[in-house]
Amino acid sequence: MNKIPNRKVICDVLIEKAKDDKDIVVLCSDSRGSASLTAFFDTYPEQSVEVGIAEQDLVGISAGLAKAGKKPFAASPASFLSTRSFEQCKVDVAYSNTNVKLIGISGGISYGALGMSHHSCQDIAGMSAIPNMRVYLPSDRFQTRKLIEALLQDEKPAYIRTGRNPVEDIYSEECCPFEMDKATVLREGTDVLIVATGEMVRPAYDAALLLEKEGISATVLDMYCVKPLDKDAVIKYAEQAKAVITVEEHSPFGGLGSMVSQVVGEYCPRKVKNIALPDSHVITGTSKEVFKYYGMDGEGIAKTAKEVLK
Amino acid sequence: MDKALKALSYDYRMDTVNMIMSGGGGHIGGDMSEMEILMQLYLKEMNISPENQDDPNRDYFILSKGHAVESFYTILAHKGFYSLEEATAKFSKFGSEFIGHPNNVIPGVEMNSGSLGHGLPVAVGLAIAAKMDKRPSRVYVLMGDGELAEGSVWEGAMSGHNYNLDNLCAIVDRNHLQISGNTEDVMKQDDQAERWKAFGWHVVKADGNDFDSLEAAFAEARAHKGDPTVIIADTIKGKGSPVMENKAGWHHHLPTQEEYEQIMKDLEAGKEAALNE
């Protein structure tokens, strides 16, 4: 089992790139430890900005830095970044079109027993509804690296959500196909299409393996790019399947499920089942326990797929 | 005192009122109170022009009280960023980029604003970047006094002090009125200067409708090292005509034809008086 969380990879990439790019600036809101960015602050203190526990300030300052030509990465727990400073993300970043990369760490229910104040199950919906904001949820450490490297090449706003804990590898050093804003096809099948994002990609893949044993073939799309959604991939693989399942660590409203449903409904109507967290208090537990409880692990997703195909 | 500059402030006020009439609305009270502050910045203090608008060494200005945009558009037009006729004709019209808050697709406008309390943190970021790159840029941000109730202002104030941003100068348009009435009735500011001092800022008080007073205040801000400076600029909301001066109802009142004619008469008279002082 991999022991490196995706957030740590972000730090590694930024440390590597900041050596030759003095415009890279990392900002934290007393969150450098949680974000695994302490090493960046230690290595490049002159390219680091601490703002204290002040998320609105974090995003506003980042926008100012970007306006002056810097490449700021603002890292803070996704729960606070996406709601406390939502208006700064909307006005100072997206609307003013500043090159700020917003890194939401410990996203979804990563903080487990710490409760709803620390969960971010609205961030995909909120951020996606902002014009000129892109939303990415990388699935494993190898894809996280590719994504951050790609984002360093552009000058547009983006929100990136990662979880707190290490996740099982999907890709490898040698094999991590990645094209910006294009979903990665993990498997191709003709019975069901499973579209997943972030930490839900691995269980979606596990579900496909379980389904295969029962003679059900599934396509699995790693939709790390929730916005802009890879519409073409959804249509292509939905058309060759009987039903579509979406899986996300998010509220059932306004996230990946809603967006995929819009596309399928418009271009290739067929049954769509959205697997997500409930629109209620989330049961206390570790991510693994919670995902299992809500049928968001490999077995649960496979079970739902079979029901949908009945 | 510069008579011509003072007279010009009345011309600019007339241009601003005409823009508001053309667009069918605007924030006239705050436009009038901030006029000398903007003029002093754009005509005297700041290193900014259409020629150097992309130069990283330029000075930066953020209109955090973004609703008072019509006087800002007027001044940018007179600086040569676009034509006044174009801005006036297009203001608030269908499909126009000249909307009722700063819009940075328009030349000369650095950042979009409108929701209050955003400007100071952004200005802090601009000032930190200038320090990082050892650029001579100075950063100015204009806030309204009612705006200071936003908590994000004080987050920005904390960080401006923390990073010793002596290249940052905030100005408060202290006209004592906000949309619901007197600022002290809506939410007390007590001694505002003490608040800024407590946050580690160098505080300068000025008459915000007097060019000499503003010139001295900006010179002091420039000379002060080690801390950011805030200029608390006392102004008169609706300055220029008794029809609208010190009246909260004129925050965004659209003049009637009769009021418009009286305001223009008063502004003409103000201009004459300035020239004959």
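Procedures and definitions
Residues numbered from 1 in each chain as written. Chains lettered and ligands numbered in written order. Predicted model: local features only at pLDDT ≥ 70, side-chain atom pairs only at ≥ 80, totals over all residues. Heavy atoms only, no water. Helix = DSSP H or I, 4+ residues; strand = E, 2+ residues; numbered from the N terminus. Rg over C-alpha atoms; globule rule 2.2 N^0.38 Å. Buried < 20%, exposed > 50% of the residue type's maximum accessible area, 1.4 Å probe, protein only. Contact = heavy atoms within 4.5 Å. Areas by Shrake-Rupley, 256 points an atom, 1.4 Å probe, with all protein chains shown as cover. Lys, Arg positive; Asp, Glu negative; His and termini not counted. Charge placed at Lys NZ, Arg CZ, Asp CG, Glu CD. Salt bridge = Lys/Arg side-chain N within 4 Å of Asp/Glu carboxyl O. Core = buried A, V, L, I, M, F, W, Y, C linked by side-chain atoms within 4.5 Å. Buried area = accessible area lost by both parts, 1.4 Å probe. Polar contact = N/O pair within 3.5 Å; in protein donor to acceptor, adjacent residues only side chain to side chain. Disulfide = S-S within 2.5 Å. Pairing = 2+ DSSP bridges. Axes fitted to C-alpha atoms, helices over the stretch in contact; angles between N-to-C directions. Domains from an automatic or database assignment.

In terms of helices and strands, chain B carries 10 helices and seven strands. Taking 19 Å as the expected radius of gyration for a compact globule of 277 residues, we find that chain B reaches 18 Å, a close match to that expectation. Along the first, second and third principal axes, the C-alpha set of chain B runs to 50 × 45 × 40 Å. Buried residues in chain B amount to 59% of all 277 residues. Sequence-distant contacts, at least 24 apart, represent 76% of the contacts inside chain B between residues at least 6 apart. Working note: accessible area of chain B is about 10200 Å², and carbon and sulfur atoms make up 51% of it. For chain B, the separation between the mean place of its 25 positive charges and that of its 43 negative charges on side chains is 3 Å.

Within chain A, the regular secondary structure consists of 12 helices and 12 strands. Computed over C-alpha atoms, the radius of gyration of chain A comes to 19 Å, within 12% of the 19 Å expected from 2.2 N^0.38 for 310 residues, which places it in the range of a compact globule. When each of the 310 residues of chain A is scored for burial, the buried share is 61%. Sequence-distant contacts, at least 24 apart, represent 77% of the contacts inside chain A between residues at least 6 apart. Positive and negative side-chain charges in chain A, numbering 36 and 42 respectively, have mean positions lying 2 Å apart.

Inspection of the entire model under this criterion finds 35 salt bridges over all chains. For A:Arg141, the salt bridge goes to A:Asp169, with nearest N and O atoms at 2.7 Å. You can see A:Arg141 sitting in helix H7 (residues 141–151) and its partner A:Asp169 sitting in the loop between strand S6 (158–161) and strand S7 (184–187), a full 28 residues away along the chain. A:Asp169 sits in the partly exposed class, given a relative accessible area of 22%. A:Lys292 serves as the salt-bridge partner of A:Asp297, at 4.0 Å between the closest nitrogen and oxygen. Put simply, A:Asp23, A:Lys70, B:Asp133 and B:Arg135 are held in one network by salt bridges that share partners.

A few words on the nonpolar core. Counting residues in each nonpolar core, the largest one holds 101 residues, and the members touching the most others are A:Leu14, A:Leu102, B:Leu120, B:Leu168 and B:Trp196. By residue number, the principal contributor to this core is helix H5 (residues 119–132) of chain B, which donates eight residues. Ignoring any residue separated from it by four or fewer positions in sequence, one finds A:Leu14 in contact with A:Ile24, A:Val26, A:Leu37, A:Phe40, A:Phe73, A:Ile148 and A:Leu152. In this structure, B:Ala87, B:Leu142, B:Ile171 and B:Leu214 belong to the second largest nonpolar core, which totals 40 residues.

This paragraph deals with the interface of chain A and chain B. Contact residues are listed per partner, giving 24 residues for chain A and 25 residues for chain B. Surface buried jointly by chain A and chain B totals about 2100 Å² across both partners, of which 56% is contributed by carbon and sulfur atoms. The largest contributions to the chain A side of the interface with chain B come from A:Asp57, A:Lys67 and A:Tyr95, which together make up 26% of the buried area. Applying the counting rule to chain A against chain B returns two salt bridges. Its salt-bridge partner being A:Lys67, residue B:Glu110 comes within 3.6 Å of it at the nearest N-O pair. On the surface where chain A and chain B come into contact, there are 12 residue pairs in polar contact (both at pLDDT 80 or more). Among the elements of the structure, strand S2 (48–50), helix H3 (55–67) and helix H5 (86–95) of chain A are those that each provide at least two residues to the side of chain A that touches chain B.

Let's shift gears to the state of the cysteines. Working definition of a disulfide: a covalent bond connecting the sulfur atoms of two cysteines. Residues and elements named next belong to chain A. Under the definition given, this model contains zero disulfides over all chains. Here Cys 225 stays free of any disulfide, with the sulfur of Cys 176 as its closest cysteine sulfur at 13 Å. Cys 225 sits in the buried class, given a relative accessible area of 0%. Left unpaired, Cys 268 is separated from the closest cysteine sulfur, that of Cys 225, by 17 Å.

Here the focus is the sheet that holds strand S6 (residues 202–207) of chain B. Sheets are built from strands paired through backbone hydrogen bonds, the pairs being either parallel or antiparallel. Residue and element names in this part refer to chain B. In spatial order, the strands read S1-S2-S3-S7-S6; together these five strands make up an open sheet with parallel pairing. Strands with a single pairing partner mark the edges of an open sheet, and in this sheet they are strand S1 (60–63) and S6. On average, each strand axis in the sheet is tilted by 20° relative to the strand beside it, whichever way the strands run. Where strand S2 (residues 139–144) and strand S3 (residues 168–174) come together, six bridges link them in parallel fashion. The residue of S3 that forms the bridge with Val 141 is Ala 170. Running at roughly 170° to S6, helix H9 (residues 211–223) makes contact with S2, S3, S6 and strand S7 (229–234) of the sheet.

Turning our attention to the environment of A:Ile130. All names here are of chain A. Counting through the fold element by element, Ile 130 comes out in the loop between helix H6 (123–128) and strand S5 (134–136). Owing to a relative accessible area of 4%, Ile 130 belongs among the buried residues under this scheme. Considered as a pair, Ile 130 and Arg 161 are 31 residues apart in the sequence and their alpha carbons are 16 Å apart. Other than its neighbours up to four places away in sequence, Ile 130 contacts Phe 86, Cys 89, Lys 90, Ala 94 and Lys 227.

Moving on, we get to the domain arrangement of chain A. Residue and element names in this part refer to chain A. Taken as a whole, chain A is organised into domain 1 (6–161) and domain 2 (184–309). Taking the mean C-alpha position of each, domain 1 and domain 2 sit 26 Å from one another. Between domain 1 and domain 2 the total buried area reaches about 1800 Å² when both faces are included, carbon and sulfur atoms providing 59% of it. At the boundary of domain 1 and domain 2, one finds one salt bridge. With a closest N to O distance of 3.9 Å, Glu 249 and Arg 161 form a salt bridge.

Turning our attention to the sheet that holds strand S12 (residues 271–275) of chain A. Residues and elements named next belong to chain A. Strand order in this open sheet of five strands is S7-S9-S8-S11-S12, and the pairing throughout is mixed. Edge positions in the open sheet fall to S7 and S12, since each of these has one partner strand only. Across the sheet, the mean angle from the axis of one strand to that of its neighbour is 20°, orientation sign disregarded. Where strand S8 (residues 192–196) meets strand S11 (residues 243–247), five bridges bridge the pair, whose relative direction is parallel. Looking at the pairing, Val 195 lines up with Thr 246 of S11. Together, S7, S8, strand S9 (218–222) and S11 form the strand contacts of helix H9 (residues 231–239), whose direction differs from that of S9 by roughly 175°. Contacts between helix H10 (residues 256–267) and the sheet are confined to S8, S11 and S12, with S11 contributing the most and set at about 155° to the helix.

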